[in-house]
Amino acid sequence: MKRVVIVGAGLAGFTVARRLRELDYQGAISLFGNEAVAPYDRPPLSKDILKGEKTADDVRLQDRAFYEERDIQLHVSAQVTRIRPEDRTVEIGPEELGYDALILATGATIRPLPDQMTRDLGGIYGLRDLSDAQALEHAFRAARRVLVIGGGYIGLEVAAAARSRGLEVTVLEAAPRILGRVAAAPTADIIRALHRHEGVDIHENTRIVAFTGDGHVTGATLSDGTRLATDCVVVGIGVSPNTGLAESAGLEIDDGIVVDDICQTSRPGIWAAGDCARFPSPHGPMRLESVGNAIAMGECVAENIMGAGRPFEVTPWFWSDQFDAKLQIVGLNQGHTRIVARDGAKDGAISYWYYRDDALISVDVINEPKTYMVAKRLIEAGKSPDPDDIADTSQNIKAFLKS
């Protein structure tokens, strides 16, 4: 019997398994995850889980019956330790398993602070998986002051969740401003103002220098000389792709597992998808850490295993919920030459449209989902409305889809 082996039971790996069965793949499917739980949805970890509003059961992608009915062999707490591309086998501890197609959906790992800074101190957390979120939520119950290091999506979502629980929250961002990698300055200005209005203390262009504490963190010294007392530290300074398994198997690595236009790696029969995969795009080789990319890439891999030969194409999209603001982004704003603001139909709603010369390349939308859906369709279709028309709120935004 033919067999597909999937290493990584996050959204990308789950999607490959699901889509293969939808396409009537008749072989065996073995899905290996190194966590002790079945695949789950990650976005709620920094939101609903930390707020105490959802549990582990609430964020499962499917229950056990889903895998049994589709004959997907789900293995939790299972670590694939070696790939043998020459004979198409993987090692799981002392056991070997053959494959016809192998998918690496190994995800990413949080970037830690230097060991010498955090050694022997409790109370310092990262947030990547469910166990991280559960530990942090438990810490929030006893904490009064929280220090968040990193002003990207994760850091700001954690800050909002902690503040919603009544905790005193400070955010440090080493770069000149928050959201520097994902949104342009106008959007960052709004999000910063929102956090400060809600009582979050934000320090930009500021680094952590040292922690204090005896066994458990009690304070921090910042690069501007400020000393803060804290009960809990959350480190959200980005992630690194998990490439060790692929590298040891001789696959090409470059800030991720390198794949071609149909998501195949440099070794026959091995594919990659999700946060760990670096793929070709019109913008150059890239790696995307997003729900949308995990789903789109997982589906593309499954279809190509079935012989579709479909090039992988994706329109990047992201979202973040912070306090009462929903930030939605479509496209990539790198290289923009002009930003056009469009006021929303209600208070607190606004969108920013990024142009590279005459081409619309990205849109940030705050609290206006209908505008976001129009913007997404425009970018997917390669349409670029006149910037002056975008700024004119007397014009119905849906009409741009017909022009």
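This is a predicted model, so every value here is computed, not measured.

Student: Would you explain the sheet that holds strand S16 (residues 232-235) in this entry?
Tutor: Pairing between the strands of a sheet comes from backbone hydrogen bonds, and it takes one of two forms, parallel or antiparallel. An order of S9-S16-S10-S11-S12 is seen for the 5 strands of this open sheet, with the pairing classed as parallel. Each edge of the sheet is formed by a strand with only one pairing partner; in this case those strands are strand S9 (124-126) and strand S12 (201-204). When strand polarity is set aside, the average angle formed by the axes of neighbouring strands in this sheet is 20 degrees. One ladder, built from 3 bridges, connects S9 with S16; its direction is parallel. Across the sheet, residue tyrosine 125 finds its bridge partner in S16, namely valine 234. The sheet contacts of helix H6 (residues 153-164) involve strand S10 (145-149), strand S11 (168-173) and S16, and relative to S11 the element is tilted by about 170 degrees.

Student: Can you walk me through the packing of aromatic side chains in this structure?
Tutor: For any two aromatic rings, the description comes down to two numbers: the centre-to-centre distance and the angle of the planes. Scanning the model with the defined rule gives 5 aromatic pairs in all. Centroid distance tryptophan 317 to tryptophan 319: 6.0 Å. Interplanar angle 20 degrees. Geometry classified as stacked. For tryptophan 317, a relative accessible area of 24% puts it in the partly exposed group. Assessed through its relative accessible area of 28%, tryptophan 319 is described here as partly exposed. Put simply, the rings of Phe14, Phe66 and Tyr67 pair up and form one aromatic cluster.

Student: I tried to follow the domain arrangement of the protein chain on my own but got confused; where do I start?
Tutor: Note: interface size is frequently given as the accessible area lost on complex formation between the parts. By the assigned domains, the protein chain splits into domain 1 (3-48 + 60-109 + 239-305), domain 2 (112-235) and domain 3 (324-402). Summarising the inter-unit geometry, the C-alpha centres of domain 2 and domain 3 are found 31 Å apart. The interface of domain 2 with domain 3 comprises 9 residues on the first partner and 13 residues on the second. Between domain 2 and domain 3, roughly 840 Å² of surface is buried when both sides are summed, and carbon and sulfur atoms account for 70% of that area. Joining domain 2 to domain 3, the criterion identifies 1 residue pair in polar contact (both at pLDDT 80 or more). Here the element with the most residues in the side of domain 2 that touches domain 3 is helix H7 (residues 185-197); it accounts for 4 residues.

Reading the values: rules and limits
- Residues numbered from 1 in each chain as written.
- Predicted model: local features only at pLDDT ≥ 70, side-chain atom pairs only at ≥ 80, totals over all residues.
- Heavy atoms only, no water.
- Pairing = 2+ DSSP bridges.
- Helix = DSSP H or I, 4+ residues; strand = E, 2+ residues; numbered from the N terminus.
- Axes fitted to C-alpha atoms, helices over the stretch in contact; angles between N-to-C directions.
- Contact = heavy atoms within 4.5 Å.
- Phe/Tyr/Trp six-rings, centres within 6.5 Å; stacked < 30°, edge-to-face > 60°.
- Buried < 20%, exposed > 50% of the residue type's maximum accessible area, 1.4 Å probe, protein only.
- Domains from an automatic or database assignment.
- Buried area = accessible area lost by both parts, 1.4 Å probe.
- Polar contact = N/O pair within 3.5 Å; in protein donor to acceptor, adjacent residues only side chain to side chain.

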